[in-house]
Amino acid sequence: MVDHSTRKTQESERKQPKGHDSSSSLAPASSYAEEINRVLFAIADAVNTTEDLNELYRTIHMVLGSVIDVTNFFIAIVDSRQQTLYFPYHVDTVDRVYPSISDFDTSTSLTGLLVKERKPLLMRTEALQRRASQNGIRGSQPLVWMGSPLFIRDEVIGVIAVQSYTDGLLYNESDLQILVAVSHHIAVAIDRKRFLDKLQKSEEQYRELVENANSIILRMDGQGRILFMNEFAQRFFGYTADEIIGRNVVGTILQATDPANTDLHAFTDYIGNLSELHKTYEFENVRRDGTHAWISWTNKPSFNAVGEVVDILCVGNDITEQKAMEQALQEKNQELERYFNLSLDLLCIATTHGHFVKVNSQWQKSLGYSEDELVGRSFLDLVHPDDIETTLNEMARLEDRKNTEYFQNRYRCKDGSYRWIEWCSRAPEGHFIYAVARDITDRKKAEKELQQSEETFRNIVHESPMGIHMYELQDNDRLIFIGANPAADKMLGVDNANFVGMTLEDAFPPLKETEIPYRYRRAALYGENWRTEQITFNDGEISGAFEVYVFQMSQGKVAVLFNDITERKQQEEEKTRLQQQLTQAQKMESVGRLAGGVAHDFNNMLGVILGHTDLALQHMEPDKPLYASLQAISKAARHSANLTKQLLAFARKQTVTPQVLDLNETVSGMLSMLRRLIGEDIELAWIPGETMGMVKIDPTQIDQILVNLCINARDAITSTGTITIKTGTAVLDKLYCSTHSGFVPGDYVLLVVNDNGCGMAQETKAQLFEPFFTTKEVGKGTGLGLATIYGIIKQNSGLIHVDSEPGQGTTFTIYLPKRTSTALPQKTSSTIAAEEQGDETVLLVEDEQMILDMTAIMLEQQGYKVLTAVTPGDAIRLARDYTGKIHLLITDVVMPEMNGKDLAKNLLSLHPNLKRLFMSGYTADVIAHHGVLDEGVHFIQKPFSMADLSKKVREVLMIDLA
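Residues numbered from 1 in each chain as written. Predicted model: local features only at pLDDT ≥ 70, side-chain atom pairs only at ≥ 80, totals over all residues. Heavy atoms only, no water.

Here we look at the packing of aromatic side chains
Here is step 1: Evaluation of the coordinates by the stated rule reveals 21 aromatic pairs.
Here is step 2: Ring centres 5.9 Å apart and planes at 65 degrees place the aromatic pair F356 and F379 in the edge-to-face group. Taken together, the positions of F356 in strand β13 (residues 356-359) and F379 in the loop between α13 (371-374) and α14 (388-399) put the pair 23 residues apart, joining distant regions of the chain. Taken individually, F356 and F379 each receive the classification buried, so the pair is uniform in this respect.
Here is step 3: Here the aromatic residues F356, W363, F379, Y411 and W423 are joined through ring pairs into a cluster of three or more.
Here is step 4: Sitting over the ring of W294, K323 keeps its end group 4.5 Å from the ring centre. (Phe/Tyr/Trp six-rings, centres within 6.5 Å; stacked < 30°, edge-to-face > 60°. Helix = DSSP H or I, 4+ residues; strand = E, 2+ residues; numbered from the N terminus. Buried < 20%, exposed > 50% of the residue type's maximum accessible area, 1.4 Å probe, protein only. Lys NZ or Arg CZ within 6 Å of the ring centre and 35° of its normal.)

Shown next as structure tokens:
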């Protein structure tokens, strides 16, 4: 039994050879190889010198203990005939009994598993615990278990294994490699010992064993001539016994020189003179077919009594595959060395005391030091003074077998500057630390710049006059509110911090059914910027119109910049409203120009038609066939005249005679006529206001307003219903007018017409006062009714407002400026009949001959004496020459040479008591500056009927001018 305390000392000495400074370099590979060779030679010697197989096992146990810990050690041998594993030799501090394993059980035996899988195994504590939990370990559970199959001719003949119950870190991969390296030789030794044992029992058995051994066995004399070669060797080299016996090994199975140019003839002599038995040599041998094979030879010379070499027994094993593996391993190591030096990271091996053992070329590129300048040097010499304490703490963690992950410190470069280095390292195994480092100076600089940039961004966000909201898109597609700037709080009038952690949809519910959540998510995911000029928002707490710009801050994060544009939108709406008003005014002006352009000539023609029709009707009996036709002509002419008046009213160019009047009294006088107009199925309700005040307006215009509104209300009621007319007063202040487009502050008298009819949609209301716009069927409306009302209201500085919804009826509210004066105009003392005749002298002045002739006839038929003149000059001459009294001047307003007003002034000097009646077919804006529309001045609008003329003439003549 081996002394294990001695073994551990030996192990320590093996891993730390005497005279070797582990802090400056790695242990020489040659001493390691020599140690392995000593083990192999000792095992081979034991095979040759030990007669008992159990003694051989003990020798193997003892010899192997010089390179690895064998406190708990066993050898298992395969009995292929019984399909079992038995343990001919075992030393165990816990389990004293090692029962055989049947059927190579792999589920409950690590040894059986090794036989089945045919490869070495190092199993540590965690893996052993997992296997033990599955009943995968026979006997006591070790903390570490290491084993290697014993191969002979690619056949597993057994297992050699070691284990520990006290130290889970006792064995490492290097120990496993040692076990693997010696396992084949141990297998050969065991196999060879079996072979020799059998030889000792029987020469015949020995001969058979030699011949059938799976090793190359030959004997040669001192000069190298082959005396014997077993059948395996014959097959291996390709020779028969007759062909090979007597031939020299050199030139037959050995070349004259090996790759190292060794003289192998001299080497055979050297073998015979060796004092050290069983020394192993490796040679590249040659087969008959010219192929090469590496063989590991163990040679044993036999001497005669005088010490001369009689023969040499040579036992060889084919190690070609092993050499190939060694070559591949060497090439792999060279490849790793190339990778080591080509890596862009800083790679190093250091002692646990902190001294460099090996570094790659990247150290010189990054820090400026060559490998020679760093190897053997303590890396603490290069660490920044401020980082030494944290570096020592990290080294202490490594000593506690904790990995280093992304540790950062600063290293001094050869030029004196410092660079940031980031380290990763596994917990050390043995005396060395293997580390990977990376120069992160540029990254650190970038991180600092990013930090400064983020700080700048935060300052910009904080100080920005625009409102800013920030969101983060989570994996579950939830868009979470993560912050806002002060401007957002001020702009929205809320504390946006209350929204942090809420989804967009929860924070601002009115946005849920809009495209905004989709746009925000697209920006967060794909960086799709989005801008919209207006988002109208109102949730009871926040309201307004906002301009929004959305962009991606970083992957998954989005910023929303917004401005409150409510005031700007109001200004734009006001601008649109003013533009609409301008358009409406221009439209009215265009219609007015059209109406005014044709009114004079059209009225003159209508006057001729009406006059002659009236004259013809006077001289025709009603039962005559033409009487009805003449009445139709008269009716059409009057209707045409009314259309012209409506157009002029809309354009505010009709000739009117405003009067200060009581609105209640004027409306009351219209009620009977209105009731007849709307019919019996519709109730007309009248609600007069109290203490109304006066308004100044032409009474006929009130009549026009009421007639048009009541007719429209009647048409809006399908069967029965109610039309309500009421009056009242209102005071409009600036605040009210600021929210009602077109309204002007002041005191007003109200005229309200309401119906409970079908009402109207917003689209209809928008076009309500357009000329020629109508919702009635073709032939049932001209589209001028409401346009006329609009013109009348505007002509009298009033306002009009419409309230209507489909199915809710319609209310028209008219605001007329309230007059401060309460005086009513004086009424004439008598009523003048239209058919009343006279005998006064009338001077008629008209530049249109047809009008002149027709009007003269109408006056003459009324009994008047008529003096006619085509021009003002003719009129003055006629008045001067006329010796009688001229009672009345009827003159056109607009004429060549002189207007009617100036003509009247000239004639007053000739006839001081001359009464005056002006007439015109022009629009009000054309004749107004002539003064004929002033209060007290008498005027009749063309076209007029015979009855209209007769009534107006008698009215003027009856007025006492004195």
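Remarks on the side chain of E422
Here is step 1: Structurally, the position occupied by E422 is in strand β15 (residues 418-425).
Here is step 2: A polar contact is formed between the side chain of E422 and the side chain of Q408, at a distance of 3.0 Å.
Here is step 3: Sequence-distant contacts of E422, defined by excluding residues within four places in its chain, comprise Y406, F407, Q408, V436, A437, R438, I440 and R443. (Polar contact = N/O pair within 3.5 Å; in protein donor to acceptor, adjacent residues only side chain to side chain. Contact = heavy atoms within 4.5 Å.)

Quick word on the side chain of T404
Here is step 1: Among the structural elements, T404 can be located in strand β14 (residues 404-412).
Here is step 2: In this structure T404 comes out as buried when scored by relative accessible area, which is 3%.
Here is step 3: A distance of 3.0 Å separates the side chain of T404 from the side chain of E394, its partner in a polar contact.
Here is step 4: Ignoring any residue separated from it by four or fewer positions in sequence, one finds T404 in contact with E394, L398, W423, C424, S425 and R426.

With respect to the environment of V162
Here is step 1: Among the structural elements, V162 can be located in strand β6 (residues 155-164).
Here is step 2: As for V162 and I68, which are separated by 94 residues in sequence, their C-alpha atoms are 9.0 Å apart.
Here is step 3: Setting aside anything within four residues of it in sequence, one finds V162 in contact with I68, D69, V70, N72, F73, W145, M146 and Y171.

Regarding the sheet that holds strand β31 (residues 888-892)
In any sheet, the strands associate via hydrogen bonds between backbone groups, in a parallel or an antiparallel arrangement.
Here is step 1: A sheet is described by the order of its strands in space; here five strands give the open sequence β30-β29-β31-β32-β33, paired in parallel fashion. Edge positions in the sheet fall to β30 (865-869) and β33 (939-941), since each of these pairs with one other strand and no more. Neighbour-to-neighbour, the strand axes of this sheet turn through a mean angle of 20 degrees, independent of strand direction.
Here is step 2: Summarising the sheet, strand β29 (residues 841-845) and β30 pair through five bridges and their orientation is parallel. Along β30, the bridge assignment pairs L843 with L867.
Here is step 3: Where helix α28 (residues 872-881) meets the sheet, it contacts β29 and β30, and its direction lies at approximately 155 degrees from that of β29.
Here is step 4: Its contacts with the sheet place helix α31 (residues 946-957) against β31, β32 (915-920) and β33, and it is angled at close to 150 degrees to β32. (Pairing = 2+ DSSP bridges. Axes fitted to C-alpha atoms, helices over the stretch in contact; angles between N-to-C directions.)

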